[in-house]
Amino acid sequence: MASSILVVGEVGEGGLAPITKEMLGAARRLSADGSVGCALIGSGVEAHAQSAIAHGADEVFVVDDAALAEYNADTYLQAMLKVAEQASAPVILFGQTNLGRDLAPRLAFRLETGVIMDTIELAMEGGRLHGTRPCYGGNARAVHVVNADPQVATVRAKSQEPAIEDSSRQGQVTNVDAAIDQSAIRVKVTSRSGVSAEGVRLEDADVVVSGGRGLGGPENFDVIEELATVLGAAVGASRAVCDLEWRPVSDQVGLTGKVVSPTLYIAVAISGASQHMAGCSGSKNIVAINKDADANIFKASRFGIAEDYATIMKPLIEAVKQEKGA
Ligand SMILES: Cc1cc2nc3c(=O)[nH]c(=O)nc-3n(C[C@H](O)[C@H](O)[C@H](O)COP(=O)(O)OP(=O)(O)OC[C@H]3O[C@@H](n4cnc5c(N)ncnc54)[C@H](O)[C@@H]3O)c2cc1C
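Calculation rules
Residues numbered from 1 in each chain as written. Predicted model: local features only at pLDDT ≥ 70, side-chain atom pairs only at ≥ 80, totals over all residues. Heavy atoms only, no water. Near = heavy atom within 4 Å. Polar contact = N/O pair within 3.5 Å; in protein donor to acceptor, adjacent residues only side chain to side chain. Helix = DSSP H or I, 4+ residues; strand = E, 2+ residues; numbered from the N terminus. Nonpolar A, V, L, I, M, F, W, Y, C, P; charged D, E, K, R; others polar. Pairing = 2+ DSSP bridges. Axes fitted to C-alpha atoms, helices over the stretch in contact; angles between N-to-C directions. Salt bridge = Lys/Arg side-chain N within 4 Å of Asp/Glu carboxyl O. Buried < 20%, exposed > 50% of the residue type's maximum accessible area, 1.4 Å probe, protein only. Phe/Tyr/Trp six-rings, centres within 6.5 Å; stacked < 30°, edge-to-face > 60°. Domains from an automatic or database assignment. Buried area = accessible area lost by both parts, 1.4 Å probe. Contact = heavy atoms within 4.5 Å.

### Quick look at the site of the ligand
Then comes step 1: Surveying the vicinity of the ligand reveals 24 residues, the closest of which are Arg213, Ser238, Thr256, Ser271 and Asn290.
Then comes step 2: Gln252 places a polar side-chain atom, nitrogen or oxygen, 2.8 Å from an oxygen atom of the ligand.
Then comes step 3: Here Gly257 contributes a backbone N or O atom positioned 3.4 Å from an oxygen atom of the ligand.
Then comes step 4: Secondary structure elements with two or more residues in the shell around the ligand: helix H6 (239-243) and helix H7 (274-280).
Then comes step 5: Here the residues of the shell around the ligand are counted per class, giving seven nonpolar, 11 polar and six charged.

Quick look at the structure:
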């Protein structure tokens, strides 16, 4: 069965990744009565095929091979080319994740087509995918169309609503033999180093509290951490803060940091430079605290407090604690 939209799924420690569920939801809405395919590539991924069906896939293309246990562009590209051929979908969606950022342009190049990176809105018009993405550092939005097939796009996390899970949904599981050509593997992973993060992951968080250089020093991040704790939020930071080594680089939000799209983004003592906004402009609600009423951050904020953070944060934390009954 040919798919009208193929979602390239990802599996994490907790099962099917949230971004995959979101893309399946989007694909269902976009494909109208067409068939939605889902590619699952990796080792041991077949176990998640039913979950993909429950979240909206009609057919799951499984490439389950021990050689695919770790992401490697050379092996995954081979597998993806096979799945793309079998699914023959006119639209292929990847998450704007490490995998998607790397693999989507490679696949598009091999298939002699184009790719729309980092879309935050998707629409189908006359069989063409219209992908909206932020540009000019998040200050404007552009709608892109790929005039070749298949139309490839990556989708930003939390920009799409997942479909409601229905474990009674029926679908087809198709095993695809990638027959990996080992001689084509040019990248070898020689070692790995991880950054251990406590609490909610910045990219997945529904609420983010970020601090900027206006806090005056690393010790003043305690109010950011305290507010984040009572809200169950992740802590973010501006680049100025990370460059000063007040916070680790893994906390940086922005053009050269992480892109977040939480429901609530609280920016404390952050100016709102375009490069910072590139990382948080997809947030559903931005709340800014800045002592400069003319700060750029207020232009993008739903609510703003033009005050010294030092006078605002403690009462705000207390108010949230009371509200939450903590
Ligand atoms: C190529 C490039 C890439 C970049 N990538 C990124 C990126 O990924 N992420 C990023 O963040 N930046 C990035 N930048 C840097 C960006 O241009 C800004 O310099 C940076 O975001 C500024 O950080 P800030 O707002 O914390 O600091 P500042 O610009 O110093 O602003 C501090 C703010 O705090 C306010 N303030 C001061 N004291 C108080 C107080 N007591 N109470 C309340 N408010 C107070 C001030 O009014 C001011 O608005 C990049 C720049 C370049 C050139």
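### Notes on the sheet that holds strand S9 (residues 128-135)
Then comes step 1: Pairing within the open sheet is antiparallel, and its three strands lie in the order S8-S9-S10. One side of each edge strand has no neighbouring strand; the edge strands of this open sheet are strand S8 (121-125) and strand S10 (140-145). The mean angle between the axes of side-by-side strands here comes to 25°, regardless of whether they run parallel or antiparallel.
Then comes step 2: Two strands pair when backbone bridges link them, and S8 and S9 are joined in this way by five bridges, in the antiparallel orientation. Bridge pairing in S9 places Leu122 opposite Gly131.

### A look at the pattern of salt bridges
Pairs can form between side chains of opposite charge whenever their charged atoms are close.
Then comes step 1: For the structure on display, the rule yields 17 salt bridges.
Then comes step 2: For Arg247, the salt bridge is made with Glu225, and the minimal N-O distance between the two is 2.6 Å. Note that Arg247 is positioned in the loop between H6 and strand S15 (264-268) and Glu225 in helix H5 (residues 222-231), a separation of 22 residues in sequence.
Then comes step 3: In this structure, the salt-bridge partner of Lys321 is Glu226, at a minimum N-O distance of 3.4 Å. One end of the pair, Lys321, is in helix H8 (residues 309-324); the other, Glu226, is in helix H5, and 95 residues separate them in sequence.
Then comes step 4: Lys321 sits in the partly exposed class, given a relative accessible area of 23%.
Then comes step 5: Put simply, Arg201, Glu203, Asp204 and Lys258 are held in one network by salt bridges that share partners.

### Thoughts on the packing of aromatic side chains
Then comes step 1: One pass over the structure, following the stated rule, counts one aromatic pair.
Then comes step 2: Ring geometry for Tyr71 and Tyr76: centres 4.9 Å apart, planes at 65°, overall edge-to-face.

### Digging into the domain arrangement of the chain
How large an interface is tends to be reported as the accessible area lost when its parts come together.
Then comes step 1: Split by domain assignment, the chain resolves into domain 1 (5-184) and domain 2 (207-324).
Then comes step 2: A C-alpha centroid distance of 32 Å is found between domain 1 and domain 2.
Then comes step 3: Summing both sides of the interface, domain 1 and domain 2 together bury roughly 710 Å²; the carbon and sulfur share of this comes to 45%.
Then comes step 4: Here domain 1 is connected to domain 2 by zero salt bridges.
Then comes step 5: Taken together, the residues that form the side of domain 1 that touches domain 2 break down as one nonpolar, three polar and three charged.

### Observations regarding the sheet that holds strand S16 (residues 285-289)
Then comes step 1: Taken in spatial order, the five strands of this open sheet run S14-S13-S15-S16-S17, and their pairing is parallel. Only two strands of the sheet have a single partner each, and these edge strands are strand S14 (234-237) and strand S17 (303-305). Within this sheet the neighbouring strands show an average axis-to-axis angle of 20°, counted without direction.

### A word on the environment of Met313
Then comes step 1: Looking at where Met313 falls in the secondary structure, it is placed in helix H8.
Then comes step 2: Spatially, the C-alpha atoms of Met313 and Glu226 are 9.3 Å apart, while their sequence positions differ by 87 residues.
Then comes step 3: Setting aside anything within four residues of it in sequence, one finds Met313 in contact with Val223, Ile224, Leu227, Val268 and Ile289.

### Observations concerning unusual backbone geometry
Then comes step 1: Look at the link from Asp149 to Pro150: it is a cis peptide, with omega at -5°.
Then comes step 2: Note that Pro150 resides in the loop between S10 and strand S11 (151-155).
Then comes step 3: Even without being a glycine, Lys158 presents a positive backbone phi close to 70°.
Then comes step 4: Inspection of the secondary structure assignment puts Lys158 in the loop between S11 and strand S12 (172-175).
Then comes step 5: Non-glycine residue Ala179 carries a positive phi angle of around 45°.
Then comes step 6: Structurally, the position occupied by Ala179 is in the loop between S12 and strand S13 (207-211).

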